[in-house]
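For reference, the chains in residue letters:
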Amino acid sequence: MHAGFIFLAVIVGSILFHVFTPWWWTDIASNWGAMDDTIVLTFWIGGGVFIAVCLFMIYCVFKFSYKEGRKVEYKPEDNKLEIILTVVTTLGVAALLAPGLIVWNQYINTPPNAINIEVMARQWGWQYRLPGEDGKLGTSNIVNINDQNPFGINLDDQNGRDDILIQSDELHLKTNRPVKILLRSTDVLHNFYVPQFRAKMDAVPGLITYYWFEPNKEGDYEVLCAEYCGIGHYGMRAKVVVDNEENYEKWLEQQETFSDFIATLNGKEIKKIKLAKINNLNE
Amino acid sequence: MSDDFYKNKTSIEAQPSRTISDSSGSVSDIDYVKPAEVSDQDLYHGHSFITKWIFCQDAKVIGIQYTLTAVFTGIIGLILSWLMRLQLGFPELVPFITAEHYYQFVTMHGMIMVVYFLTALFLGGFGNYLIPLMTGARDMVFPYVNMVSYWMFFVAVLVLMASFFVPGGPTGSGWTLYPPQAILEGTPGSGAGIILMLVSLALFVVGFTMGGLNYVITILQARTRGMTLMRMPLTVWGIFTATVLALLAFPALFVSVIMMSLDRILGTSFFMPTILKAGEILEYGGGSPVLFQHLFWFFGHPEVYIVALPAFGIVSDLISVHSRKNIFGYRMMVWAIVAIGALSFFVWAHHMYVSGMNPWFGFFFATTTLIIAVPTALKVYNWVLTLWRGNIRMTTVMLFCLGFIVTFVNGGITGIFLGNVIVDIPLSDTYFVVAHFHMVMGIAPLMVIFGAIYHWFPLVTGRLLDEKLGKWHFWFSFLGAYSIYFPMHYLGFIGVPRRYFEMYDSPYITSAVGLNQSITIAALIVGLSQFIFIFNIVKSLRMGKPAGKNPWKANSLEWQTPNVPPAHGNWGDKLPVVYRWPYDFNVPGAKEDYIPQTTPPSEVLEAKVEKT
Amino acid sequence: MSDHTLDKLPGGFKGMATDMGSDQTVFKGVNWGKAMMWIFLLSDTFIFSCFLISYMKVRASVVDEWPYPSEVFALNFMGVPVPLLLIAIMTFVLITSSGTMALAVKYGYERNRKMCGWLILATALGGLTFVGMQAFEWSKLIHEGVRPWTNPFGAPQFGSFFFMITGFHGTHVSIGVIFLFIFARKTFRGDFDAGKRGFFTSMKSDYVAIEIMGLYWHFVDLVWVFIFAFFYLW
């Protein structure tokens, strides 16, 4: 008998925990509120089933506890009831699947005005590349990566010359402008995840994967790697700053393009050679 | 409420069939059962200590061997979980747990619990002991191969444990062993550790194929007279379907293990794309990491049903016996088990929604995953409808069944969250997933395992486990485990990723410090409370109340053996004859509230039996 | 004894369900060992299917060019490169050995010890020839620079899959050959006639064991046909 009370307490406790929990999802900062809505719908339907089944079970525990000589129902089957339950469950499942798939369809179809942004993952940090003035990212190959070409951009591809290289782990985005994240990895699986944006996808070496979102709230957001990638996985953090137009342009101006990068390197090279010559003369 | 549960009741002996034929040649006989199609099994009898207890071909001994080995590995897995929780809850307290060690604990804990503990215990432990007894066979069809299967499992466990002691330690790649990281430096144990893991898995698959063939063919071809497929207890149906899944799903694991071994040892590139590491392009190239994921999850998803289906079958029988009522909707329960088993081969990529596979697959797999929820829900309804208008005995066994229902429905519902592809996007690789699979695969089947042990201990040992200690064990385990995993879902909602050694100073994650600490404390309490169970077993082995024959007054065949515990050959001279299904509880008109499967109709003429 | 249940079986699907679900056995009159072998072969089919599907996936997605099998596997016969000559012979040998195996099963059931024994030996020799030719092919390719991790003809995965798949198949054939030699000895000694108990299993020997062995051998042959089709011909 008192077992029933403890089970009841567990169910009531679960409901209370859910209602009063201080641990709830982060404030959403992107357009993917539909994901949150689908979760809420799932809570109503799924949570409703959980509570209903458990309460029914608890009721049975109270009402049908063992009594010598109790009249027990002997009914091997009740096909009608089973069919009704199957139909109701199927409807419930469909009610979850339909909106879910509609939103999934939105997730995989990038809006045409989204800006491509390459996120390059490696053990254990992040780098970024923006398409520059021509709006196109230059093609790249991992075998081209070296100190002179940290992103492995193909030197014959003109589109790559004006690509903006961001070697720090801080990416800035403009608010209310959709972006398509193109994920690349140079070594193992990683995943570029900002909880406030909700969206994520693995970065797979040998492939380019993608997802899109539209940030709509200014602020600083932490990036968490969300696919186990070795011993540094938990430390593979970065920062995304969502700026208004003005601040974004200010930040963009300070970034260097691939051509700038090469030029600076060449400049350093020329300086080095000159220095070496001077040193040689002095000896 | 008098409790006459422990009084010895006279057993109802099985009667041979009687044939009455009249002069016209037509036969009318209510006790008629088809004659034997095959001759009685010719068993090997061990005579030395070694052939009776070590290299023994008796499925009951083999079942106990599997159980003991699986439980041993489970205890190791449990200890590893304590170490992991200590690091997550109180990182300053345990500086000896480095990131490297932590990931090795995570990996070994996962692989041990899923494969070496749960699968081995359900199929090797319960399967071996119960299948011949419940189907009326004397033993498995090929006892020699059955014996070899256990020793292969034993060697696989040894190889796995050996990986703790090799240079570099065991693999720390996560139980999912994803390439390229699993075999590259930067992941712990990428030297010898991963190789031993792969070898151990290959041995495990070979051994379980040998065992699985035995379970399947014994159920299909070696049942006793009168035991039709639809008179088998749901325990047998659950283990049977799970074994079929194992035979068809383990090949994918085996193939992925072979290919990863070749990638690691010979430098092939099945799964390895071009990789830049520490400034150098490695020798690999052209391979596909996603291919491994497809192969692994083609195995991995049926694997969770290999764990779940025996639990479904067993819990149906436990609920039925302890509420003195037939399982509601037996036929639908059978079909649901088979449907779930079949569908489980079509849902694997719901583990890969964010893997970078073709996004259009998301539509297909979300649909199939949510479809599989329907037969599963039906089973849940039927379990609670079995309680409805029953006569429920609040034994320890029944408590564990109720605990199973609560935790399984909870875990199953969170599975619906994750199966709906768009909902999986924010939640994947967070603690929501960890909470989900622990609830549905750890706690719920574990409730069934405990309940099953309390239920069948009297058959295996002839003694009952202590009920009071059992109830303490239940409440600690159920309430404790629920307090670990229910709140953990909310860590996932905040966005805390899984497989994080440390949370650092992330502003919102630090808000969860208190939650992590309380989860750790609950985990340690639940872990320690298992000593109540171990103490109960050791104590009851010597001093437990003698159970006598069929103390729970159950109907299924395993309780109708002439000896308790059952002797070699199970049935003595005469194989049992079955006349009815195992759920004739409280049949109107019958004298007792149960009618064993071996009771012929002529002995219960007054009972208004509806289903046979 | 009149079989009551079969007389009372309803027609159609319900009758089939009743028959299959009836007591004792699902597969009427099928020896348990045969049933076990069928299920084992089903599982083994999944293994080879996983290998071949992975092969097709990788071949479709590698960036490097895939070598032309007909060129790689050509044999030089009197100065003329004959494409796929060796595996054509290997296929012929293996299929013929399936034929001798089937005949062995027939003679086994007729309890014709001598014919059965000789045909089992012939099958074993066919299998041995096949493995020998496979080993020759391996050595030829290794000599030409094909390794599991690289090869001079194209994508490195070509060698990887070649050695892995033919290696697994060859291992299956070799295990079969060993068992065939054991069964040939048992046949000639009269173990199957006498129902002698096995050394390991202590179970009574019976000629059905040869049919069970035959099932395994035909499976090995069938797998080869698929490997031949997908890997060599395509």
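Residues numbered from 1 in each chain as written. Chains lettered and ligands numbered in written order. Predicted model: local features only at pLDDT ≥ 70, side-chain atom pairs only at ≥ 80, totals over all residues. Heavy atoms only, no water.

### Here we look at the overall build of chain A
Thinking step 1. From N to C terminus, chain A includes five helices and eleven strands.
Thinking step 2. In terms of overall size, chain A is more extended than a compact globule, its C-alpha atoms giving a radius of gyration of 28 Å where 283 residues would be expected to give roughly 19 Å.
Thinking step 3. Each principal axis of the C-alpha atoms in chain A carries an extent, and together these give about 115 × 45 × 35 Å.
Thinking step 4. A burial count over chain A gives 49% of its 283 residues as buried. (Helix = DSSP H or I, 4+ residues; strand = E, 2+ residues; numbered from the N terminus. Rg over C-alpha atoms; globule rule 2.2 N^0.38 Å. Buried < 20%, exposed > 50% of the residue type's maximum accessible area, 1.4 Å probe, protein only.)

### Structural notes on the interface of chain C and chain B
Thinking step 1. Of the residues lining the interface, 44 residues belong to chain C; the matching set on chain B comes to 51 residues.
Thinking step 2. Regarding the contact of chain C and chain B, the summed buried area is about 4100 Å², with carbon and sulfur atoms giving 69% of it.
Thinking step 3. Between chain C and chain B we count three salt bridges in total.
Thinking step 4. Measuring nitrogen to oxygen at the nearest pair gives 3.1 Å for the salt bridge that ties Lys34 of chain B to Asp23 of chain C.
Thinking step 5. Between the two partners, chain C and chain B, sit 17 residue pairs in polar contact (both at pLDDT 80 or more).
Thinking step 6. Of all the elements in the fold, those that place two or more residues in the side of chain C that touches chain B are α1 (4-7), α3 (32-61) and α7 (157-189) of chain C.
Thinking step 7. If you tally residues by element for the side of chain C that touches chain B, the top one is α3 of chain C, at 14 residues.
Thinking step 8. Tallied by class, residues from the side of chain C that touches chain B come to 25 nonpolar, 13 polar and six charged. (Contact = heavy atoms within 4.5 Å. Buried area = accessible area lost by both parts, 1.4 Å probe. Salt bridge = Lys/Arg side-chain N within 4 Å of Asp/Glu carboxyl O. Polar contact = N/O pair within 3.5 Å; in protein donor to acceptor, adjacent residues only side chain to side chain. Nonpolar A, V, L, I, M, F, W, Y, C, P; charged D, E, K, R; others polar.)

### Let's talk about the nonpolar core
Thinking step 1. Grouped together as the largest cluster of nonpolar side chains are 361 residues, with contacts concentrated most on Phe7 of chain A together with Phe126 and Trp383 of chain B.
Thinking step 2. Ranked by residues supplied to this core, first place goes to helix α3 (residues 99-135) of chain B with 24 residues. (Core = buried A, V, L, I, M, F, W, Y, C linked by side-chain atoms within 4.5 Å.)

### What about the arrangement of the chains?
Thinking step 1. The highest contact count of any of the two pairs of chains in contact belongs to chains A and B.
Thinking step 2. Spatially, chain A and chain C are disjoint, and the shortest separation between their C-alpha atoms is 10 Å.

### Topic: the packing of aromatic side chains
Residue and element names in this part refer to chain B.
Thinking step 1. This model, assessed by the stated rule, comprises 114 aromatic pairs over all chains.
Thinking step 2. Look at Phe432 and Phe493: their rings are 5.2 Å apart centre to centre, the planes differ by 55°, and that puts the pair in the tilted class. Within this pair, whereas Phe432 is found in helix α12 (residues 431-461), its partner Phe493 is found in helix α13 (residues 467-494), the two being separated by 61 residues in sequence. For the pair shown, Phe432 and Phe493 are each scored as buried.
Thinking step 3. Where Tyr454 meets Phe533, the ring centres are 5.5 Å apart and the plane angle is 40°; that geometry is what we call tilted. Of the two residues, Tyr454 sits in helix α12 while Phe533 sits in helix α14 (residues 513-543), which places them 79 residues apart along the sequence. (Phe/Tyr/Trp six-rings, centres within 6.5 Å; stacked < 30°, edge-to-face > 60°.)

### Section: the packing of helix α6 (residues 234-265) of chain B against α7 of chain C
Thinking step 1. The geometry of α6 of chain B relative to α7 of chain C is characterised by a closest axis approach of 12 Å and an angle of 130° between their N-to-C directions. One finds that α6 of chain B runs oblique with respect to α7 of chain C. Like other packed secondary-structure pairs, α6 of chain B and α7 of chain C cross with a definite hand, here right-handed. Contact with α6 of chain B, carried on its side by Phe254, Ile258, Met259 and Leu262 of chain B, involves Phe161, Met164 and Phe168 of chain C of α7 of chain C and no other residues of that element.
Thinking step 2. Looking at the contact of α6 of chain B with α7 of chain C residue by residue, the classes come out as seven nonpolar, no polar and no charged. (Axes fitted to C-alpha atoms, helices over the stretch in contact; angles between N-to-C directions. Parallel < 35°, antiparallel > 145°, perpendicular 65-115°, else oblique. Left-handed = near helix turned anticlockwise from the far one by under 90°.)

### Examining the pairing of strand β4 (residues 170-174) of chain A
All names here are of chain A.
Thinking step 1. Buried residues dominate β4, accounting for four of its five residues.
Thinking step 2. Bridge count between β4 and strand β10 (residues 237-243): five bridges; the pairing is parallel. Note that in β10 the partner of Lys174 across the bridge is Asp243. (Pairing = 2+ DSSP bridges.)

### Considering the side chain of Ser43 of chain C
Thinking step 1. When you line up the elements, Ser43 of chain C lands in helix α3.
Thinking step 2. Side-chain polar atoms of Ser43 of chain C contact the backbone oxygen of Leu247 of chain B, separated by 2.6 Å.
Thinking step 3. Look past the residues within four positions of Ser43 of chain C in its chain and what remains in contact with it is Thr209, Leu247 and Pro251 of chain B.

### Some points on the domain arrangement of chain A
Residue and element names in this part refer to chain A.
Thinking step 1. Domain parsing of chain A yields domain 1 (3-63 + 76-108) and domain 2 (115-282).
Thinking step 2. Domain 1 and domain 2 are separated by 41 Å when their C-alpha centres are compared.
Thinking step 3. Taken together, the contact pairs 13 residues of domain 1 with 16 residues of domain 2.
Thinking step 4. Taken together, both faces of the contact between domain 1 and domain 2 bury some 1200 Å²; the carbon and sulfur share is 47%.
Thinking step 5. Applying the counting rule to domain 1 against domain 2 returns one salt bridge.
Thinking step 6. In this structure, Arg198 engages Asp36 in a salt bridge whose closest nitrogen and oxygen atoms are separated by 2.8 Å.
Thinking step 7. At the surface where domain 1 touches domain 2, the tally comes to twelve residue pairs in polar contact (both at pLDDT 80 or more).
Thinking step 8. Those elements that provide at least two residues to the side of domain 1 that touches domain 2 are α2 (33-63) and α3 (79-108).
Thinking step 9. Per-element tally for the side of domain 1 that touches domain 2: the top contributor is α3, with three residues.
Thinking step 10. Along the lines of polarity and charge, the residues of the side of domain 1 that touches domain 2 split into seven nonpolar, four polar and two charged. (Domains from an automatic or database assignment.)

### Examining the interface of chain B and chain A
Thinking step 1. Each partner contributes to the interface: chain B provides 120 residues, whereas chain A provides 96 residues.
Thinking step 2. Roughly 9400 Å² is buried in total at the junction of chain B and chain A, and carbon and sulfur atoms are behind 70% of that figure.
Thinking step 3. There are two salt bridges connecting chain B and chain A.
Thinking step 4. Its salt-bridge partner being Glu73 of chain A, residue Arg389 of chain B comes within 3.1 Å of it at the nearest N-O pair.
Thinking step 5. Put simply, chain B and chain A have 30 residue pairs in polar contact (both at pLDDT 80 or more) between them.
Thinking step 6. Within the residue set of the side of chain B that touches chain A, elements represented by two or more residues are α3, β1 (276-277), α7 (289-322), α8 (330-343), α9 (361-387), α10 (396-419), α11 (421-427) and α13 of chain B.
Thinking step 7. The dominant element in the side of chain B that touches chain A, judged by the number of residues it contributes, is α9 of chain B, at 15 residues.
Thinking step 8. Its residues placed into classes, the side of chain B that touches chain A shows 76 nonpolar, 27 polar and 17 charged.

### Observations regarding unusual backbone geometry
Thinking step 1. The peptide bond linking Gln123 of chain A to Trp124 of chain A adopts the cis configuration, its omega dihedral lying at -5°.
Thinking step 2. Mapped onto the fold, Trp124 of chain A is located in the loop between β1 (115-122) and β2 (125-130).
Thinking step 3. Of note, the amide linkage connecting Val564 of chain B to Pro565 of chain B takes the cis form, showing an omega dihedral of -5°.
Thinking step 4. As for its position among the elements, Pro565 of chain B is in the segment after α14.
Thinking step 5. Unusually for a residue other than glycine, Gln24 of chain C sits at a positive phi of about 70°.
Thinking step 6. As for its position among the elements, Gln24 of chain C is in the loop between α2 (12-20) and α3.

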